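The residues making up each chain are set out below.
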Amino acid sequence: MPHVKLGVNIDHVATLRQARKDVDPDPVSAARVARSAGADLIVCHLRQDRRHIQDKDLHALRKVLKTGLHLELADRPEMIKIALDIQPDWVCIVPETPDEVTTEGGLDLKGGKAGSLDKTIKRLKDAGVGVSLFVDPEAVAVRMAHNLGADAVELCTSEYAKAVGRHKQHNELEKLELAGYLAHELKLELHAGHALDYSNVVPVAQIPHMRCLNIGFAVIARSLFMGLKPAVAEMKRLLQQQP
Ligand code: PXP
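Residues numbered from 1 in each chain as written. Predicted model: local features only at pLDDT ≥ 70, side-chain atom pairs only at ≥ 80, totals over all residues. Heavy atoms only, no water.

> Give me the overall build of the chain: which residues, what numbers.
For the chain, the helix and strand inventory stands at 11 helices and 8 strands. Relative to the 2.2 N^0.38 estimate, which gives 18 Å for 243 residues, the radius of gyration of the chain is 17 Å and therefore close to what a compact globule would have. The 243 residues of the chain split such that 52% are buried. Pairs at least 24 apart in sequence give 67% of the contacts found in the chain among residues at least 6 apart. Positive and negative charge centroids in the chain, built from 32 and 32 side chains respectively, lie 4 Å apart. (Helix = DSSP H or I, 4+ residues; strand = E, 2+ residues; numbered from the N terminus. Rg over C-alpha atoms; globule rule 2.2 N^0.38 Å. Buried < 20%, exposed > 50% of the residue type's maximum accessible area, 1.4 Å probe, protein only. Contact = heavy atoms within 4.5 Å. Lys, Arg positive; Asp, Glu negative; His and termini not counted. Charge placed at Lys NZ, Arg CZ, Asp CG, Glu CD.)

Quick look at the structure:
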């Protein structure tokens, strides 16, 4: 089975810094530590309200990370302009609403509703940036991602993570697996993430064709008690666990 990459999302290091609007804790230092502990990618979400990651962080991250910078953002002209300027290795386009605590689900692509996504995807790809779309694990969304020209889909795992009881969990995992098979058939690279933690990640990492999991909150929360390096290393170990 190929290696499942770990993308560590450092947004919540910036959330803590922004609580005082000072310089510590520094997300760029966190990125360095996470990479040294085995993170394959560093993930961050530049929100329109700049509640955590700031524009200056992106410039600093790009300087430090020669590879593996994965930027999440909404499909808004001003955000795409920033992405084109920063040139991350990946952009994951996510839905964003002002009052949400965190991203609430995948892009709404039902009924062929794609807005400007096809143009955005083309602009980013033409600039050499890999593009993934954050989608719910549904065939219609995966097919749309393919039709729109995305390189990858990131399947939203929040329903799986919220599922209580073995039966419900199994159903949600099966949805992820089926969407994963379809993505693979359509030659889309398969990523997944959102609300994954140390107790629920292994079955998702073992989904056939899975290439990358993006995980933030659980790793940063654990790092408060054990340090970032061991928290990342432990997540990396779980991703490498054989079935
Ligand atoms: N993937 C996407 C598209 C996200 O928006 C987020 C949250 O920023 C994550 C993964 C990471 O989610 P969590 O912090 O719950 O691990």
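> Explain the packing of aromatic side chains to me, and be specific about the residues and the numbers.
Aromatic ring pairs are described here by two measures, namely the spacing of the ring centres and the angle between the planes. Applying the stated rule across the entire model yields 0 aromatic pairs. When the ring centre of Tyr198 is taken as reference, the NZ or CZ atom of Arg222 above it lies at 3.7 Å. (Phe/Tyr/Trp six-rings, centres within 6.5 Å; stacked < 30°, edge-to-face > 60°. Lys NZ or Arg CZ within 6 Å of the ring centre and 35° of its normal.)

> Can you tell me about the packing of helix α2 (residues 27–36) against helix α11 (residues 228–239), naming the residues and giving the values?
Their axes nearest at 8 Å, the elements α2 and α11 cross at an angle of 45°. By the angle class used here, α2 and α11 are oblique. Like other packed secondary-structure pairs, α2 and α11 cross with a definite hand, here right-handed. Contacts from Ala30, Val33, Ala34 and Ser36 of α2 reach α11 at Leu228, Lys229 and Val232. Considering only residue class, the contact of α2 with α11 consists of 5 nonpolar, 1 polar and 1 charged. (Axes fitted to C-alpha atoms, helices over the stretch in contact; angles between N-to-C directions. Parallel < 35°, antiparallel > 145°, perpendicular 65-115°, else oblique. Left-handed = near helix turned anticlockwise from the far one by under 90°. Nonpolar A, V, L, I, M, F, W, Y, C, P; charged D, E, K, R; others polar.)

> For the sheet that holds strand β7 (residues 189–193), give the residues involved together with the corresponding values.
Taken together, 8 strands build a closed barrel; the order of strands is β1-β2-β3-β4-β5-β6-β7-β8 and the barrel is parallel. Pairwise comparison of adjacent strand axes, ignoring direction, gives a mean angle of 25° for this sheet. The sheet contact formed by strand β2 (residues 41–45) and strand β3 (residues 69–73) spans 4 bridges and is parallel. Within the sheet, the bridge partner assigned to His45 lies in β3 and is Glu72. Seen against the sheet, helix α5 (residues 117–126) touches β4 (90–93) and β5 (130–135) and runs at an angle of roughly 145° to β5. (Pairing = 2+ DSSP bridges.)

> Before we move on, could you go through the site of the ligand and cite the residues and values that matter?
Lining the immediate surroundings of the ligand are 14 residues, of which Thr103, Glu154, Ala195, Gly216 and Phe217 lie closest. In the model, an oxygen atom of the ligand is placed 3.2 Å from a nitrogen or oxygen of the Glu72 side chain. Measuring from an oxygen atom of the ligand, one finds a backbone N or O atom of Phe217 at 2.9 Å. In the complex, the protein chains occlude 94% of the 400 Å² of accessible area that the ligand would expose alone. Looking at the shell around the ligand residue by residue, the classes come out as 5 nonpolar, 6 polar and 3 charged. (Near = heavy atom within 4 Å. Polar contact = N/O pair within 3.5 Å; in protein donor to acceptor, adjacent residues only side chain to side chain. Areas by Shrake-Rupley, 256 points an atom, 1.4 Å probe, with all protein chains shown as cover.)

> Go over the pairing of β7, please, and point to the residues and values.
Of all 5 residues that make up β7, 4 are buried, and the element is covered over most of its length. Bridging between strand β6 (residues 152–156) and β7 involves 5 bridges; their strand directions are parallel. Within the sheet, the bridge partner assigned to Leu155 lies in β7 and is Ala192. Examined bridge by bridge, β7 and strand β8 (residues 210–215) share 4 bridges and lie parallel to one another. Each residue of the ladder has a partner; that of Ala192, found in β8, is Leu213.

> Describe the side chain of Ser223, and please don't skip the residues or the numbers.
Mapping Ser223 onto the fold places it in helix α10 (residues 217–226). The class of Ser223 is buried, set by a relative accessible area of 15%. At a separation of 2.6 Å, a polar atom in the side chain of Ser223 contacts the main-chain carbonyl oxygen of Ile220. In this view, Ser223 contacts Leu228 and Ala231; residues no more than four positions away in its chain are not counted.

> Kindly report on the packing of α10 against α11, identifying the contributing residues and their values.
Helix packing geometry: the angle between the two helix axes and the distance between the axes. Put simply, α10 and α11 touch, their axes get as near as 7 Å, and they point 130° apart. Between α10 and α11, the angle is such that the two are oblique. When you trace α10 past α11, the crossing you get is right-handed. Between α10, through Val219, Ile220, Arg222, Ser223 and Met226, and α11, the contact on the second element is made entirely by Leu228, Pro230, Ala231, Val232, Glu234 and Met235.

> Break down unusual backbone geometry for me, citing the residues and quoting the values.
Geometrically, the link from Asp24 to Pro25 is a cis peptide bond, its omega value of -10° lying close to zero. Position of Pro25 among the secondary structure elements: in the loop between α1 (11–20) and α2. The phi angle at Lys21 is positive, at roughly 50°, despite the residue not being glycine. Checked against the element boundaries, Lys21 lands in the loop between α1 and α2. Here Ala195, not a glycine, exhibits a phi torsion of approximately 65°, which is positive. Along the polypeptide, Ala195 turns up in the loop between β7 and α9 (201–205). Under the relative-accessibility criterion, Ala195 is labelled partly exposed at 45%.

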